[in-house]
Amino acid sequence: MKQLTKAEEDIMQILWSLGEGNVASIIDELPEPKPAYNTVSTIVRILESKEFVDYRKEGRGHVYFPKVKKESYSNQSINKLVDGYFQGSFKSMVSFFMKKNDINIQELETILKEINKDEN
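Every chain is numbered on its own, with residues counted from 1 as its sequence reads. For a predicted model such as this one, the threshold for reporting local features is a pLDDT of at least 70, and the threshold for listing and counting side-chain atom pairs is 80 or more; totals across whole chains, interfaces and linings nevertheless cover every residue. The side-chain values count all of the structure's non-hydrogen atoms but skip hydrogen atoms and water molecules.

1. Let's talk about the packing of aromatic side chains
Only Phe, Tyr and Trp rings are paired, with Trp represented by its six-membered ring, and only when their centres lie within 6.5 Å; those with planes under 30 degrees apart are stacked, over 60 edge-to-face, the remainder tilted. This structure, assessed with the given rule, holds six aromatic pairs. With a centroid separation of 5.3 Å and an interplanar angle of 80 degrees, the aromatic rings of Phe96 and Phe97 are classed as edge-to-face. With a 1.4 Å probe rolled over the protein chains alone, any residue whose accessible area is under 20% of its type maximum counts as buried; one over 50% counts as exposed, and the rest are partly exposed. By relative accessible area, Phe96 is classed as partly exposed at 35%. Phe97 sits in the partly exposed class, given a relative accessible area of 32%. Taken together, the aromatic side chains of Trp16, Phe52 and Tyr73 make up a single cluster linked through ring pairs.

Now the structure itself:
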């Protein structure tokens, strides 16, 4: 799976949230200052060429929708982060975030309970 730029990821986050939308509805969800219509349209076409987005014709326009699930992209991004910065070690990543973000033992136990709950 290809990696997305920040702008592409922002558009994908909106499409994942909306489920589908045309360029105007995507722009409506973006923060101020709003980018130009042509800018968003170009990013959506790039996402289409990267096979993250597909569309269906509706009237004279297109309605875009995600082809890639958010969870799939998130898993790939996390794995790339772990491989690139923590030599493939999730333990090193967790240790890093605990030290840098002052996570206490109670918070870590809560995280572990959530992980264990999801596995069951």
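Anyway, onward from the coordinates.
2. Digging into the pattern of salt bridges
Only one rule defines a salt bridge in this text: a Lys or Arg side-chain nitrogen within 4 Å of an Asp or Glu carboxyl oxygen. Tallied over the full model, the rule gives five salt bridges. Between Arg56 and Glu20 there is a salt bridge whose closest N-O contact spans 2.8 Å. Of the two residues, Arg56 sits in strand β1 (residues 53-58) while Glu20 sits in the loop between α1 (6-18) and α2 (23-29), which places them 36 residues apart along the sequence. Look at Glu20 and you get partly exposed, because its relative accessible area is 36%. Glu58 is the partner of Arg56 in a salt bridge, and the nearest nitrogen-oxygen pair spans 3.3 Å. Put simply, DSSP H or I for four residues or longer makes a helix, DSSP E for two residues or longer makes a strand, and each gets a number counted from the N terminus.

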